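If you want the building blocks of each chain, they are given just below.
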Amino acid sequence: MLNLRSLAAGIGLLAFTATASVQAQNIGIDEANKTVTVGAFTPVTGPVPFYATLTHAADAYFKHVNETGGIEGWTVKYVAQDDGYEPARSASVTRQLVEGQGIFALAAPVGTATNTAVLPYAREVGLPIVGPIGGASAFYIDPNVFPLLPDYGWSAAMNVDYAAKDLKLKKIALLWENDELGKSGKRGFDLYMKHLGLEPAESVPFDVKTTSFAPHIRRVSNAGAEAVVLFGSNANLAAALKAADQGGLAVKWFAPFFTADPSTFKLAGDLLNGVYFSSWLLPVTSDDPSVAAYREAVKKHYPSDAQGVFGLNGWSNAAVFGEGFRALLKSGKPLTRENLVKALETLEGVTVGGAKGVSFKAGDHRGTRQEGIIQAQNGQFVLVRDFRAYPDVVFNAKAE
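Residues numbered from 1 in each chain as written. Predicted model: local features only at pLDDT ≥ 70, side-chain atom pairs only at ≥ 80, totals over all residues. Heavy atoms only, no water.

Grouped together as the largest cluster of nonpolar side chains are 85 residues, with contacts concentrated most on Val38, Phe62, Ile172, Trp315, Phe321 and Phe325. When residues no more than four places from it in sequence are discounted, the contact partners of Val38 are Phe62, Val76, Lys77, Tyr78, Val79, Ile103, Ala105, Ala107 and Phe321. (Core = buried A, V, L, I, M, F, W, Y, C linked by side-chain atoms within 4.5 Å. Buried < 20%, exposed > 50% of the residue type's maximum accessible area, 1.4 Å probe, protein only. Contact = heavy atoms within 4.5 Å.)

What follows is the structure in structure tokens.
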């Protein structure tokens, strides 16, 4: 008697074997034409279509690389597909990129939840996720994932470090967005303040949709704060600065890297001048060759896109693949995904796009290991303290 269950299992095994065989043969490496194919998912549609700016900058990076001799003579083919910022679609798009396009790796795919949703499939097929543009603790320890973006707690600690050690301020308050972004910042803030023997002058949560910060500013003012670290969006920062101005509160302000952007000047105007930002990225106005290349390439290929920290973020995450593939080629080892992972884990203290001191090693994929302090000055963003390593007390702390 025919065992239908066994037959179905056998057919499934054959299908899996056939799929695995196709994947093994079609992994995005064209030795004859010296071309490597990589891919990404990005929200062209959905709730955050402006995130496509990140992918435009990544695409501009690969175009620039190809136009300037390639990676050790190799051309990069970059295939980006819309996922609508829906995690389930991200997983589906990735499967299509692997099994249909035969990509060698994901390079600068966009989103925290979306990249997280792709992890199980990436592990299954051994697909490297290089420069995911998002932040999740799982990224730092996954053997196939190589993130640049830091834990927000590290950045908050760097803000405190500058306020306390360079500006000699002791009464430091925190305004934090009441979600994972703000909570991550709060963990680092609290841990480093405790390490310095300081008590927060005040700690006030707010909703991401908050537009009136008058009550928050009153609490900060009543606490006698000398400095305020805000962890939220650029719109939140602008609204808080306006409330402080109206309330007569004169303090030093600090914010995370992604708010050090021209779009924040549009929202806050001259009130943004003087604000400090902890940043793992160099200022977009930097004379650093890679940052200058970003400005030129985006102007050429995406002239309607604003040049700011948002775009430099995408450019830098794409550059992680560029540096890793270059290391793989120089190693002389076969061009396999497994060897790409090993090559990336040899990067130590390198400059990747607008990020300095990037390192990866087996079991520790915290690529960004230092930050500088940027200040808004007369409509520009200027580096006022060079890059320093994150304090060990927060960098080596396990996420709760």
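Turning to helix H12 (residues 309-331), a few remarks are in order. For H12, with 23 residues, the first-to-last C-alpha span of 33 Å sits near the 33 Å given by 1.5 Å per residue. Along H12, 18 of the 23 residues are buried, which leaves the element largely enclosed by surrounding structure. Within two residues after H12, Gly332 carries a phi angle of roughly 80°, on the positive side. (Helix = DSSP H or I, 4+ residues; strand = E, 2+ residues; numbered from the N terminus. Expected span 1.5 Å × (residues − 1).)

Further remarks concern the sheet that holds strand E10 (residues 252-256). The strand order E8-E7-E9-E10-E11-E14-E15 describes an open sheet built from seven strands, whose pairing is mixed. Strands at the two margins of the open sheet, each flanked by one partner only, are strand E8 (203-206) and strand E15 (380-389). In this sheet, adjacent strand axes meet at a mean angle of 20° when their direction is disregarded. Lying on the sheet, helix H6 (residues 152-166) is in contact with strand E7 (172-177), strand E9 (227-231), E10, strand E11 (276-279), strand E14 (370-377) and E15; it crosses E15 at an angle near 100°. In this fold helix H8 (residues 214-222) packs onto E7, E8, E9 and E10, with an angle of close to 175° to the strand it touches most, E8. (Pairing = 2+ DSSP bridges. Axes fitted to C-alpha atoms, helices over the stretch in contact; angles between N-to-C directions.)

At a closest axis distance of 8 Å, the pairing of H12 and helix H13 (residues 337-344) adopts a crossing angle of 105°. What the angle tells us is that H12 and H13 run roughly perpendicular. Between H12 and H13, the residues in contact are Val320, Phe321, Gly324, Phe325, Ala327 and Leu328 and Asn339, Leu340, Ala343 and Leu344, respectively. Of the residues that constitute the contact of H12 with H13, the class distribution is eight nonpolar, two polar and no charged. (Parallel < 35°, antiparallel > 145°, perpendicular 65-115°, else oblique. Nonpolar A, V, L, I, M, F, W, Y, C, P; charged D, E, K, R; others polar.)

Moving on: the packing of helix H2 (residues 52-67) against H12. Axis separation between H2 and H12 bottoms out at 7 Å; the angle between their running directions is 45°. The orientation of H2 relative to H12 falls into the category oblique. In this structure, H2 meets H12 at a crossing whose hand is right-handed. Of the residues in H12, those touching H2 at Thr53, Leu54, Ala57, Ala58, Ala60, Tyr61, Phe62 and His64 are Phe310, Gly311, Asn313, Gly314, Trp315, Ala318, Ala319, Phe321 and Gly322. In the contact of H2 with H12, the residues fall into 11 nonpolar, six polar and no charged. (Left-handed = near helix turned anticlockwise from the far one by under 90°.)

A separate point is the packing of aromatic side chains. Taken as a whole and assessed by the stated rule, the structure comprises 27 aromatic pairs. When the ring of Phe62 is compared with that of Phe321, the centres are 6.3 Å apart and the planes differ by 65°; the resulting orientation is edge-to-face. You can see Phe62 sitting in helix H2 and its partner Phe321 sitting in helix H12, a full 259 residues away along the chain. The same class applies to Phe62 as to Phe321, namely buried. Here Tyr162 and Phe254 contribute two aromatic rings whose centre-to-centre distance is 6.4 Å and whose plane-to-plane angle is 65°, an arrangement assigned as edge-to-face. Of this pair, Tyr162 sits in helix H6 while Phe254 is found in strand E10, placing the two residues 92 residues apart along the sequence. Here Tyr162 falls in the buried class, since its relative accessible area comes to 8%. Three or more aromatic residues joined by ring pairs form one cluster here, namely Tyr61, Phe62, Trp74, Tyr78, Phe104, Tyr294, Trp315, Phe321 and Phe325. (Phe/Tyr/Trp six-rings, centres within 6.5 Å; stacked < 30°, edge-to-face > 60°.)

Moving on, we come to H8. Among the residues of H8, those classed as buried are His216, Ile217 and Val220. Projected onto a plane normal to the axis of H8, the buried residues spread over an arc of 95° and lie on a single side. Residues of H8 that are exposed and angled more than 90 degrees away from the buried face: Arg218 and Asn222. In this structure, the buried side of H8 is in contact with E7, E8, E9, helix H9 (234-247) and E10. (Arc of directions from axis to C-beta.)

Here we take up the side chain of Asp59. As for its position among the elements, Asp59 is in helix H2. Exposure remark for Asp59: the relative accessible area of 11% places this residue in the buried category. Apart from residues no more than four positions distant in its own chain, Asp59 is found in contact with Tyr78 and Tyr302.

Function-wise, these values are silent; they only describe arrangement.
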